[in-house]
Amino acid sequence: MLESNLFQYTGSTLSCDEVNLNELAVTFGTPLFVTSSKSLIQSHRNFEQAFETLPHFTCYSVKANYNLSVIKTFAELGCGCDVNSGGELYRAMQAGVVPERIIFAGVGKKPEEIAYALSSGVLMLKAESLSELKSISRIAGELSLTASVAIRINPDVTAETHPYITTGDSKEKFGIDEAELPEVFALLRQLPHIRLIGLDMHIGSQIFDPEYYVAATTKLLTILNSAQAMGFSIEFLDIGGGFPVTYDPLKPATPIQRFAEKLIPLLLPAGIKVIFEPGRYFVANASVLLTRILYKKRNHTGKEFFVLDAGMTELIRPALYQSHHEIQTVTLHDKTIIADVVGPVCESSDFFARHRLIGDAAEGELLAVMSSGAYAAVMSSNYNGRLRPAEVLVDGSEVKLVRQRETYEQLVQNEQM
Ligand code: LLP
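Rules used throughout
- Residues numbered from 1 in each chain as written.
- Predicted model: local features only at pLDDT ≥ 70, side-chain atom pairs only at ≥ 80, totals over all residues.
- Heavy atoms only, no water.
- Helix = DSSP H or I, 4+ residues; strand = E, 2+ residues; numbered from the N terminus.
- Polar contact = N/O pair within 3.5 Å; in protein donor to acceptor, adjacent residues only side chain to side chain.
- Contact = heavy atoms within 4.5 Å.
- Salt bridge = Lys/Arg side-chain N within 4 Å of Asp/Glu carboxyl O.
- Buried < 20%, exposed > 50% of the residue type's maximum accessible area, 1.4 Å probe, protein only.
- Near = heavy atom within 4 Å.
- Areas by Shrake-Rupley, 256 points an atom, 1.4 Å probe, with all protein chains shown as cover.
- Domains from an automatic or database assignment.

Chemist: Describe the side chain of His56, with residues and values.
Modeler: Counting through the fold element by element, His56 comes out in strand S5 (residues 56–61). Side chain to side chain, His56 and Glu48 meet in a polar contact 2.7 Å long. A polar atom in the side chain of His56 sits 3.5 Å from the side chain of Thr58. Among all residues touching His56, those that are not within four sequence positions of it are Glu48, Phe51, Lys273, Val274 and Phe276.

Structure follows, in structure tokens:
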């Protein structure tokens with residue numbers, strides 16, 4: 001079972017909440033991202049219930065799904081935001097999030113982005129190198145401000161996940177090495193326009209084993225003690241995001257409660273406000289990518305293909321991380337076949353599944369690529385001149401178009417001859 005149960009068959013047709021997916025495809029066309037509002041709220045509630053005894057501030061990591069309506073949903077539930085660029089900061093503020101509830105991350109912030117974040121008044125910037133600390137101080141000075149910063153520490157913990165999404169290992173570009181910390185603290189004492197208010201880490205994404213968090217958090221707590229002993233008054237301990245979701249029912253994610261059980265006893269005695277930055281956990285299973293089967297074909301080896309109107313341009317995760325996404329026919333079929341489910345893009349990596357057992361749907365029917373709420377629409381591209389899809393948000397029987405399908409005109413609007 002995927003975490004969200006809001007995509008269910010009503011009779012023989014897949015629905016989102018009270019809305020039939022066939023009807024959505026007729027009204028809005030395909031490919032279409034369909035998000036269940038209740039599912040967003042449900043995953044947020046699960047998370048908050050798990051950590052309710054720990055003083056904390058949850059900053060939704062908008063990179064997972066930065067549709068304005070999605071950000072707004074979490075902001076209304078009391079979340080702040082974790083942003084990774086000027087563009088994400090702009091989006092979060094457009095969605096109505098006040099800057100005092102936004103934390104600004106990123107291993108390579110441009111001076112303009114630092115200035116934008118500082119002059120907007122974000123809660124803190126998370127610095128990832130000595131040079132960046134110097135830049136932040138200089139820019140804050142130019143703006144006659146004092147920058148509140150957290151330092152992102154690389155705890156050198158290699159969390160088991162896909163190698164492209166592990167970030168807490170010392171061979172990766174992220175964070176400040178522990179060995180550099182004495183120099184960092186000495187520098188922080190001298191820099192006139194910086195106030196250190198937090199320690200931060202993010203060890204990766206889709207991490208199943210809570211022990212990696214325990215190992216990295218333990219290191220962070222030791223560093224917290226030393227920093228406090230040096231006289232820094234640290235208000236926040238940010239332990240990042242990375243909490244897992246189920247993509248494949250055969251490989252269910254560790255429930256969030258298991259993370260809470262390990263982390264709360266570790267963090268509570270520190271008496272500090274903890275920041276969490278969940279992205280995927282809040283959104284992954286709240287959306288499907290609805291797509292139409294354009295063609296079915298069979299080659300001389302007997303191999304079957306479903307060729308869809310969605311591809312890697314809408315959901316790159318299978319191509320980039322070999323990730324599994326469940327695929328359901330919108331109309332239930334008793335008869336099944338084994339097929340490759342592929343997109344229209346001119347790359348062999350443009351597939352959603354290979355050799356997958358799937359309902360024997362006909363050409364023209366719809367498929368739902370499940371768990372497409374995180375790192376799907378946000379990673380979409382115009383490659384092959386493809387138009388980014390429309391997005392709808394469903395609540396009960398109500399449907400809102402929250403992003404329009406791109407047009408050909410928009411494809412060329414920034415170019416000139
Ligand atoms: N905080 C920081 C600093 C991050 O870099 C990330 C994700 C998060 C929080 C949220 O992590 P989450 O809770 O979503 O795991 N495109 C990849 C995932 C890349 C994650 C990047 N950073 C994927 O599709 O699996």
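Moving on, there is more to tell.
Chemist: Summarise the pattern of salt bridges; cite the residues concerned and give the values.
Modeler: Taken as a whole, this structure holds 22 salt bridges when the rule is applied. We note a salt bridge from Asp82 to Lys63, for which the minimum N-O separation is 3.3 Å. With Asp82 in strand S6 (residues 80–83) and Lys63 in the loop between S5 and helix H3 (68–76), the pair connects residues that are 19 residues apart, well separated along the chain. Taking the relative accessible area as the measure of exposure, Lys63 reaches 26% and is therefore partly exposed. Glu277 is the salt-bridge partner of Lys126, the closest N and O atoms lying 2.4 Å from each other. Here Glu277 lies in the loop between strand S13 (273–276) and helix H10 (280–283) and Lys126 lies in strand S8 (residues 124–127), a separation of 151 residues in the sequence. The class for Lys126 is buried, based on a relative accessible area of 2%. Assessed through its relative accessible area of 6%, Glu277 is described here as buried. Through salt bridges with shared partners, one network takes in Lys63, Asp82, Lys126, Asp238 and Glu277.

Chemist: So, the site of the ligand: which residues are in play, and what are the values?
Modeler: Lining the immediate environment of the ligand, one finds 17 residues, of which Ser205, Glu277, Arg317, Tyr321 and Tyr375 sit closest. Here Ser205 contributes a side-chain N or O atom positioned 2.3 Å from an oxygen atom of the ligand. Between the ligand and Arg317 there is a distance of 2.6 Å, counted from an oxygen atom to a side-chain nitrogen or oxygen. Relative to its unbound accessible surface of 580 Å², the ligand loses 91% to contact with the protein. Shared between two domains, the shell around the ligand holds at least three residues of each, these being domain 1 (7–36 + 284–412) and domain 2 (105–278).

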